[in-house]
Amino acid sequence: MNEFWVLLTGSLVGITCGLTGVFLILRKTAMIADAISHTVLFGIVVAFMITQSLSGFWMLVGAAIAGLLTTFLVQLLQSGGLQEDAAIGVVFTSLFALGVLFITLFAGNVHLDVEHVLMGEIAFVPWDTWDILGFSMPKAVWMLLIVLLFNILFLFFFYKEMKLTTFDPVFALSIGLPIVAMHYSYMTLVSLTTVAAFDSVGAVLVVAMLIGPAATAYLMSKSVLRMMIWSMFFGITAAITGYYLAKLWNTSIAGMMAAMIGVIFMLVFVFKPHDGWIWKMFKRIKLKDTKVHVES
Amino acid sequence: MLTGNLLWVLIGAILLGVAAGLNGTFAFLQKQSLVGDAAAHAALPGIAIAYLVFQQKDLPILMLGAAITSALAVYMIQWIVGNSKLKADAAIGFVLSVFFGIGIVLLTIVNQSSAGNQSGLNDFIFGKAATMAKSDLVWLSSSALLIILMCLLFFKEWKLMIFDPVFAKGIGLPVERLRVLLTALTVLTIVTGIQAVGVILMAAMLIIPAAAARFWSNHLGIILVTSAFFGALSGALGTIISSFRTGLSTGPIIVLCAASLFLISYFFAPTRGFISKSLKKKAFKQRNVVKEAANHE
């Protein structure tokens, strides 16, 4: 039964992050997600310092605020004349350092330690349960389900708008779509996803899960909807294979899942028919051969 | 107060700050700041592999392992971007998280082995400059000196390569090789700093001083000197502050010192700073209002 909950949590992380990650890749904001996954730590620590509790609700609030703050600060520095990559780098390292400092200073004895934040403890997920509406399920599963619901609702209602602001922001602006508001609400969603996932699997895996499956799916598909389906599929596959390999070699589950994301990406990248790396190599060789023939 | 070891640590941190400040400025101007972040994260699996293979924690061996995986990560980012439709940000984020995940996997394996628990490899995540051994500090300092020397040596070539690559190629500079050299030096900077600052925050040493220095001037020479000065200052302050209390990791403190310098630069730098810009905007508006009023009359 415990194994079931761990697998379910991993798969839910794969689905939720896979779904959210699609627009991260398409909007070229993958590194902002990386930044948010670091600064969420800061939000959680501050939420803990204010409320003195580690309840899921306040963690979500803290994370959402930290995500918005990150997005806002990056925009602010950019408008102040700093290039984007440096703006992201400055903001997330500073806030992350502040978060680590606060933990060592004020929250050293609590469950909130830095290693837990980085690597998560998905193996302990089944023991921390919540009872809602008579169902008793692990807290991580509840949080992931709620955030997944948010994600689905957002994408269901704003699918068209998201597509338009992503692919043709100038046109979107000219027909009166609030592109700034869309950007911020999407980033809030990314922060919520991050915090729900990282409590169980750690910050490392969240970034891997947000970017990896969607990037792989990007190679596989030519429409947004297909990309979403592929992305969720790759997320689940990485979670399940990663779990069993980690069990086999007795090592970090979250780390192994991240490694599997890398393996899946590489498989697709190298072997995919028509535009995989090997296929391209063959084409290049063939082209050279025909050229040689023509020349001779 | 400056007992023997702390003095050494201080010298190491200052040299590291200068090296990262100089090298970071070149990376910053090439818009490669986040590649440094990926390379720093990717050092973790290399450290773990080096430890697993050689079963010892001599710094040169661990540094070699770290350098190999960092360089591999940078190469992979370029390979992915060059061979697919994925953009640089996705490639960086992907490589960074996967390499770090593999690093965590290997670190867990190291920690489970009998001697691994005392290996202190976990310190590489956040850095422990204040407790570094003297022999390690000698390595750190000489490596940092090498980086500083190289930056001074190739100043003119890199300047040309960054601002006018076409012209540089035209007068016969080996632009591609210069670029590879710069990347290699970035990797070396990261590898030098990881034991002191940690893999997660090492990128900050490359990014923040350079970004802060950019606010003070438009001349590369002045930016480099300012960036090196900011790097040295935050390295020194961070080391001193973190030595006051046990349990404080050096990395975060150094980064926070650098971040404070950045904030000061962002607000108070002349001409490019926030306050000076807002004042200028205000003055401009006022002048226009006066003009308009004059026109109306």
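No experiment lies behind these values; they were computed from the predicted model shown.

Brief notes about the overall build of chain A
- Within chain A one finds 11 helices and 2 strands.
- In sequence order, chain A lays out its α and β elements as α-α-α-α-α-β-β-α-α-α-α-α-α.
- The C-alpha radius of gyration of chain A comes to 21 Å, within 12% of the 19 Å expected for a compact globule of 296 residues.
- Along the first, second and third principal axes, the C-alpha set of chain A runs to 80 × 50 × 35 Å.
- Going through the 296 residues of chain A one by one, you find that 47% of them count as buried.
- Of the contacts made within chain A by residues no fewer than 6 positions apart, 71% connect residues no fewer than 24 positions apart.

A short note on the overall build of chain B
- For chain B, the helix and strand inventory stands at 14 helices and 0 strands.
- Listed by position from the N terminus, the elements making up chain B come as α-α-α-α-α-α-α-α-α-α-α-α-α-α.
- Considered along the principal axes of its C-alpha atoms, chain B spans approximately 90 × 55 × 35 Å.
- Taken across its 297 residues, chain B has 53% of its residues classed as buried.
- Long-range contacts, defined here as pairs at least 24 residues apart, represent 74% of the contacts in chain B between residues at least 6 apart.

Structural notes on the packing of helix 8 (residues 179–220) of chain A against helix 10 (residues 253–271) of chain A
Residues and elements named next belong to chain A.
- Interaxial distance between helix 8 and helix 10 falls to 9 Å at its minimum, and their mutual angle equals 15°. Looking at the two axes, helix 8 sits roughly parallel to helix 10. As for how helix 8 packs across helix 10, the hand of that crossing is left-handed. For the pair helix 8 and helix 10, the contacting residues are Val-201, Gly-202, Val-204, Leu-205, Ala-208, Met-209, Gly-212, Pro-213, Ala-215, Thr-216, Leu-219 and Met-220 in the first and Ala-254, Gly-255, Met-257, Ala-258, Ile-261, Ile-264, Phe-265, Val-268 and Phe-269 in the second.
- Of the residues belonging to the contact of helix 8 with helix 10, the class tally is 17 nonpolar, 4 polar and no charged.

Things to note about the interface of chain B and chain A
- Each partner contributes to the interface: chain B provides 43 residues, whereas chain A provides 44 residues.
- Only helix 2 (33–41), helix 5 (88–112), helix 11 (202–214) and helix 13 (250–268) of chain B provide two or more residues apiece to the side of chain B that touches chain A.
- For the side of chain B that touches chain A, the element with the highest residue contribution is helix 5 of chain B, accounting for 16 residues.
- Across the side of chain B that touches chain A, the residue classes break down as 28 nonpolar, 10 polar and 5 charged.

With respect to the confidence of the model for chain B
- Residues at a pLDDT of 70 or more form 94% of chain B, whose mean pLDDT is 85.
- Mean pLDDT per element in chain B: helix 6 (residues 123–126) of chain B is the minimum at 75, and helix 11 of chain B is the maximum at 91.

As for the environment of Gly-231 of chain B
Residues and elements named next belong to chain B.
- Examined against the element boundaries, Gly-231 turns out to sit in helix 12 (residues 220–244).
- Separated by 214 residues in the primary sequence, Gly-231 and Gly-17 place their C-alpha atoms 3.9 Å from one another.
- Setting aside residues up to four positions removed in sequence, Gly-231 forms contacts with Gly-17, Val-18, Ala-20, Gly-21, Met-205 and Pro-209.

Thoughts on the UniProt feature "transmembrane region" (unreviewed entry) in chain B
Residue and element names in this part refer to chain B.
- Mapped onto the present numbering, the UniProt feature "transmembrane region" (unreviewed entry) falls on residues 7–28, 34–54, 61–80, 92–110, 137–155, 180–208, 220–241 and 253–275.
- Annotated as 95% helix and 0% strand, the span residues 34–54 places its first and last C-alpha atoms 31 Å apart.
- Taken end to end, residues 220–241 is 100% helix and 0% strand, and its first and last C-alpha atoms sit 31 Å apart.

Some remarks on unusual backbone geometry
Residues and elements named next belong to chain A.
- A positive phi is found at Lys-28, a non-glycine position, where the angle reads about 60°.
- Positionally, Lys-28 belongs in the loop between helix 1 (2–26) and helix 2 (30–51).
- The phi dihedral of Asn-250 is positive, around 55°, even though this residue is not glycine.
- Looking at the element boundaries, Asn-250 is found in the loop between helix 9 (224–249) and helix 10.

Points about the nonpolar core
- Ile-211 and Met-257 of chain A together with Val-95 of chain B are the most contacted members of the largest nonpolar core, which totals 199 residues.
- In terms of residue count, helix 8 of chain A provides more of this core than any other element does, 23 residues in total.
- Ile-211 of chain A has contacts with Gly-21, Leu-24, Ala-30 and Ala-33 of chain A together with Ala-90, Gly-93, Phe-94 and Ser-97 of chain B, leaving out every residue within four places of it along the chain.

Details of helix 8 (residues 155–163) of chain B
Residue and element names in this part refer to chain B.
- Turning to helix 8, its buried residues are Trp-158, Met-161 and Ile-162. Axial view of helix 8: buried residues confined to an arc of 95°, hence all on one face. Exposed positions of helix 8 whose direction lies more than 90 degrees from the buried face are Lys-156 and Phe-163.

Observations concerning the environment of Gly-17 of chain B
- Locating Gly-17 of chain B in the fold gives a position in helix 1 (residues 4–29).
- Those residues in contact with Gly-17 of chain B that lie beyond four places of it in its chain are Met-205, Gly-231, Ala-232, Ser-234 and Gly-235 of chain B.

Description of the packing of helix 9 of chain A against helix 10 of chain A
All names here are of chain A.
- Where helix 9 contacts helix 10, the two axes come as close as 7 Å, and the packing angle between them is 130°. Overall, the two elements helix 9 and helix 10 adopt an arrangement that is oblique. Note that helix 9 runs across helix 10; the crossing there is right-handed. Side by side, helix 9 and helix 10 meet where Phe-234, Thr-237, Ala-238, Ala-239, Thr-241, Gly-242, Tyr-243, Leu-245 and Ala-246 of the first sit next to Ile-253, Met-256, Met-257, Ala-259, Met-260, Ile-261 and Ile-264 of the second.
- Residues belonging to the contact of helix 9 with helix 10 are distributed by class as follows: 13 nonpolar, 3 polar and no charged.

Some remarks on the environment of Val-35 of chain B
All names here are of chain B.
- Structurally, the position occupied by Val-35 is in helix 2.
- On the neighbour-count criterion, Val-35 (26 C-beta atoms within 10 Å) is buried.
- Through-space distance from the C-alpha of Val-35 to that of Thr-186 is 9.5 Å; in sequence the pair is 151 residues apart.
- Excluding residues within four positions of it along the chain, Val-35 makes contact with Val-74, Ile-77 and Ile-92.

Reading the values: the criteria
- Residues numbered from 1 in each chain as written.
- Chains lettered and ligands numbered in written order.
- Predicted model: local features only at pLDDT ≥ 70, side-chain atom pairs only at ≥ 80, totals over all residues.
- Helix = DSSP H or I, 4+ residues; strand = E, 2+ residues; numbered from the N terminus.
- Rg over C-alpha atoms; globule rule 2.2 N^0.38 Å.
- Buried ≥ 20, exposed ≤ 12 C-beta atoms within 10 Å, placed from the backbone.
- Contact = placed C-beta atoms within 7 Å.
- Axes fitted to C-alpha atoms, helices over the stretch in contact; angles between N-to-C directions.
- Parallel < 35°, antiparallel > 145°, perpendicular 65-115°, else oblique.
- Left-handed = near helix turned anticlockwise from the far one by under 90°.
- Nonpolar A, V, L, I, M, F, W, Y, C, P; charged D, E, K, R; others polar.
- pLDDT = per-residue confidence, 0-100.
- UniProt positions renumbered as here; feature names shortened; annotations may be inferred.
- Core = buried A, V, L, I, M, F, W, Y, C linked by C-beta atoms within 7 Å.
- Arc of directions from axis to C-beta.

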